[in-house]
Amino acid sequence: MNHPVLPSYISAENVGPWHIYLQQVEQVAPLLDKSLHPWVETLRRPKRSLIVDLPIRLDNGEVAHFEGYRVHHNTSRGPGKGGVRFHQDVTLSEVMALAGWMTIKNAVVNVPFGGAKGGVRIDPRQHSCAELERLTRRYTSEISSMIGPDRDIPAPDMNTNAQTMAWMMDTYSMGEGRTVTGVVTGKPVSLGGSLGRQDATGRGVFVAAREAARRLNIPIEGARVAVQGFGNVGEASARIFAQHGAKVVAVQDASCTLYDPAGLDLAALKRHVAEHRSLLGAPCGEPIENADFWAVPCEFLVPAALESQINRYNAERIVAKLIVEGANGPTTPEAELILAGRGISIVPDVLANAGGVTVSYFEWVQDFSSFFWSEDEINQRLDRIMSDAFNAIWQLAEDRRLTLRAAAFVIGCSRVLEARATRGLYP
Ligand code: NAD
């Protein structure tokens, strides 16, 4: 593919996930209403991208520098919204792609946000809690001109959590001279966080899977599930599937893969990870080769780790009936073609993992009004928004004979571009 619209700061040799995002936009562009065609270019360019240097003092007294990013992909429909990732492989291209997918996702579930994302290139496993706190505070301070409750609202992503959000909220608030709870979501409940936010992405993954399974006649009761990633999204997805009668037969994290055709003891795995920070040495399941995870016999496959995990090297081995994308960008376009040819459906990331940002939206609303909802109320509203979004996408896919991803992109891109077109150009 040519890259006529690559920003000058992304090299054509190493476009990374941004390339995948662009390919997805190119595929649906011709399907959009003709009146929107002149505005498609908007989706091919992030609105603003910031690269920051983060010097921090390590516990041993030395100073180390890390690179951080914050990208606003599009803010036509509202303030930017998207997580912050700490990972050794984070790049600007990856953050741009994740911000682009947030633009589409927020429009798919129709929450009034644009798309944003942030990241820091650091291996958090190599650092103490005190070092990560200093890094988080410096990062927040460096991106403070871009964030704010009506500007851009960060949230947790890989290797960040409610504690990280508390440090971000505190640092931003110190700069403002007042407590600003609405600057981040995914906070601890004691600081204006929302009940149900912790499990929200996993719960949304389950709701999307349930709706797809109903139409494809795959019973959840007794179904076998394989989950890649056993963090916030993977663990909650696995647990909620199991609560509904499914059997989680395989899990994989960055350290190993565990398999038990009779079903894994998820509570024991969760306890092990809380203590040891990985699945390695967990007291249940048989360790298998990481590559064999993809060939595990199952009905549902939930990738909930990194991008491009399902690719041309393993797509032929997958036997699942349905892939539900808990992660962002886990399936490459090449793999998607192979899977489509083999009759394996995919519930795409921009729908399947939108439960997190949906409850983040509830949290933001609750912070503004200082009035907090019950967990039941949150879970019910989440279920309704996810089911409605699924229905609309399924219907469009049927009517126009599209994949679920293409249908989701048509709905998401149309909402973003309608807002863009109506706002017009400034000046
Ligand atoms: P997390 O840090 O809580 O967990 C990540 C998990 O992935 C860990 O178990 C880790 O060991 C595993 N992992 C990392 N590298 C791996 C590899 N190479 N192979 C196998 N496993 C690997 O992160 P999370 O918040 O659960 O995010 C996971 C994915 O879900 C990401 O793509 C993220 O963007 C997406 N997502 C997260 C949220 C959220 O609310 N946290 C919302 C929407 C989407």
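Per-chain numbering applies: the sequence of each chain, read as written, is numbered from 1 onward. At least 70 in pLDDT is required for a residue's local features to be given in this predicted model, at least 80 for side-chain atom pairs to be given and counted, and no such filter applies to totals for whole chains, interfaces and linings, which use all residues. To get the side-chain values, take all heavy atoms of the structure and skip hydrogens and water.

Visitor: I tried to follow the packing of helix α5 (residues 197-216) against helix α11 (residues 375-400) on my own but got confused; where do I start?
Guide: Packed helices, taken two at a time, are described by the angle between their axes plus the distance between the axes. Note on geometry: axes are C-alpha line fits, over the in-contact stretch for helices, and angles between N-to-C directions span 0 to 180 degrees. Every helix listed is a DSSP run of H or I at least four residues long, and every strand listed is a run of E at least two residues long, numbered separately from the N terminus. Look at α5 against α11: their axes get within 9 Å of each other, and the N-to-C directions meet at 45°. By the angle between their axes, α5 is oblique relative to α11. Between α5 and α11 lies a crossing whose hand is right-handed. Together, Ala 200, Arg 203, Gly 204, Val 207, Ala 208, Arg 210, Glu 211, Ala 212, Arg 215 and Leu 216 of α5 and Asn 379, Leu 382, Asp 383, Met 386, Ser 387, Phe 390, Asn 391 and Trp 394 of α11 make up the contact between the two elements. Polarity classes work like this: nonpolar for Ala, Val, Leu, Ile, Met, Phe, Trp, Tyr, Cys and Pro, charged for Asp, Glu, Lys and Arg, and polar for all others, with Gly in that last group. Residue composition of the contact of α5 with α11, by class: nine nonpolar, four polar and five charged. Angle categories: roughly parallel below 35 degrees, roughly antiparallel above 145, roughly perpendicular from 65 to 115, and oblique for all the rest. Each crossing gets its hand from how the near helix is turned against the far one by less than a right angle, where anticlockwise is left-handed and clockwise is right-handed. Throughout, a contact is declared for two residues whenever any of their heavy atoms are within 4.5 Å.

Visitor: Can you walk me through the sheet that holds strand β11 (residues 322-324) in this structure?
Guide: Neighbouring strands of a sheet are bound in pairs by backbone hydrogen bonds; such pairs are parallel or else antiparallel. Reading across from one edge, β9-β8-β7-β6-β10-β11-β12 is the order of the seven strands in this open sheet, with mixed pairing throughout. Each edge of the open sheet is held by one strand with a lone partner, namely β9 (286-288) and β12 (345-347). Neighbour-to-neighbour, the strand axes of the sheet open up by a mean angle of 25°, direction not taken into account. At least two bridges found by DSSP between two strands is the condition for calling them paired.

Visitor: How do you make sense of the domain arrangement of the protein chain when you look at a structure like this?
Guide: It is common to give the size of an interface as the accessible area lost on bringing the parts into contact. Each assigned domain of the protein chain is listed with its residue range as follows: domain 1 (3-178) and domain 2 (200-343). Domain segmentation is taken from an automatic or database assignment of domains. One C-alpha centre belongs to domain 1, the other to domain 2, and the line joining them spans 26 Å. Each partner contributes residues to the interface: domain 1 has 14 residues there, and domain 2 has 10 residues. Summed over both partners, the accessible surface that disappears when two parts come together, traced with a 1.4 Å probe, is what is meant by buried area. Contact with domain 2 buries surface across domain 1, with Ile 20, Trp 101 and Met 158 losing the most and accounting together for 37% of the total.

Visitor: Just checking my understanding: could you explain the site of the ligand for this structure?
Guide: A molecule or strand has a residue near it when one of that residue's heavy atoms lies within 4 Å. In the vicinity of the ligand, 23 residues are found, and the nearest of them are Asp 157, Asn 159, Thr 201, Ala 305 and Asn 328. Under the rule applied, a polar contact is a pair of N or O atoms within 3.5 Å (in protein, one hydrogen donor and one hydrogen acceptor; residues adjacent in sequence only if both atoms are side-chain atoms). In the model, an oxygen atom of the ligand is placed 2.8 Å from a nitrogen or oxygen of the Asn 159 main chain. Gly 231 places a polar main-chain atom, nitrogen or oxygen, 3.4 Å from an oxygen atom of the ligand. Taken by itself the ligand offers 830 Å² of open surface, and the protein chains cover 85% of this. Of all the elements in the fold, those that place two or more residues in the shell around the ligand are α5 and α6 (232-243). In terms of residue class, the shell around the ligand is built from nine nonpolar, 10 polar and four charged. In these tables, accessible area is a Shrake-Rupley quantity obtained with a 1.4 Å probe, and a residue counts as shielded only by the protein chains included in the view.

Visitor: Before we go on, may I ask you to explain the pairing of strand β7 (residues 247-252) in this structure?
Guide: Burial here depends on accessible area, computed with a 1.4 Å probe over protein chains only, as a share of the maximum for the residue type. Under 20% is buried, over 50% is exposed, and the range in between is partly exposed. For β7, the buried fraction is high: five of the six residues fall into the buried class. Across five bridges, strand β6 (residues 224-228) lies against β7 in parallel orientation. In the sheet register, Val 227 faces β7, and the bridge partner there is Val 251. Looking down the strands as they point away from the viewer, one classifies a crossover as right-handed if the path from the first strand across the helix to the second runs clockwise. Following the chain from β6 across α6 to the adjacent parallel β7, one finds a crossover that is right-handed. The pairing of β7 with strand β8 (residues 257-259) spans three bridges and is classified as antiparallel. What sits directly across from Gln 252, in β8, is Thr 257. The antiparallel hairpin formed by β7 and β8 contains four residues in its connecting segment.

Visitor: How should the pattern of salt bridges be read in this particular structure?
Guide: Side-chain pairing between opposite charges can occur once the charged atoms of the two side chains come close. Basic side-chain nitrogens of Lys or Arg form a salt bridge, by our definition, when they fall within 4 Å of a carboxyl oxygen of Asp or Glu. As enumerated under the stated definition, the model contains 30 salt bridges in all. Taken together, the shared-partner salt bridges in this structure form one network comprising Arg 85, Glu 94, Lys 117, Asp 157 and Glu 307.

Visitor: I would appreciate a short explanation of unusual backbone geometry in the present structure.
Guide: Note on backbone geometry: most residues besides glycine have negative phi, and most peptide bonds are trans. The peptide bond linking Tyr 426 to Pro 427 adopts the cis configuration, its omega dihedral lying at 0°. Relative to the helices and strands, Pro 427 is located in the segment after α12 (404-423). One non-glycine residue, Arg 277, lies in the positive phi region at around 65°. Its place among the elements puts Arg 277 in the loop between α7 (266-276) and β9.

Visitor: Just checking my understanding: could you explain the packing of aromatic side chains for this structure?
Guide: The geometry of two aromatic rings is summed up by the distance between their centres and the angle between their planes. Each Phe, Tyr or Trp ring, with Trp reduced to its six-membered ring, pairs with another whose centre is within 6.5 Å; inter-plane angles below 30 degrees give stacked pairs, above 60 give edge-to-face pairs, and intermediate values give tilted ones. Evaluated as defined, the whole model comprises 11 aromatic pairs. Aromatic pair Phe 390 and Trp 394: ring centres 5.8 Å apart, planes at 20°, arrangement stacked. Placement of the pair is Phe 390 and Trp 394 together in helix α11, with a separation of four residues, close to one helical turn. Trp 394 shares its class with Phe 390; the two are buried. Of the aromatic side chains, those joined through ring pairs into one cluster are Phe 113, Tyr 361, Phe 362, Trp 364, Phe 368 and Trp 373. By definition, being over a ring means that NZ of Lys or CZ of Arg is both within 6 Å of the ring centre and within 35 degrees of the ring normal. The cationic tip of Arg 381 hangs over the ring face of Trp 373; the distance from NZ or CZ to the ring centre is 4.3 Å.

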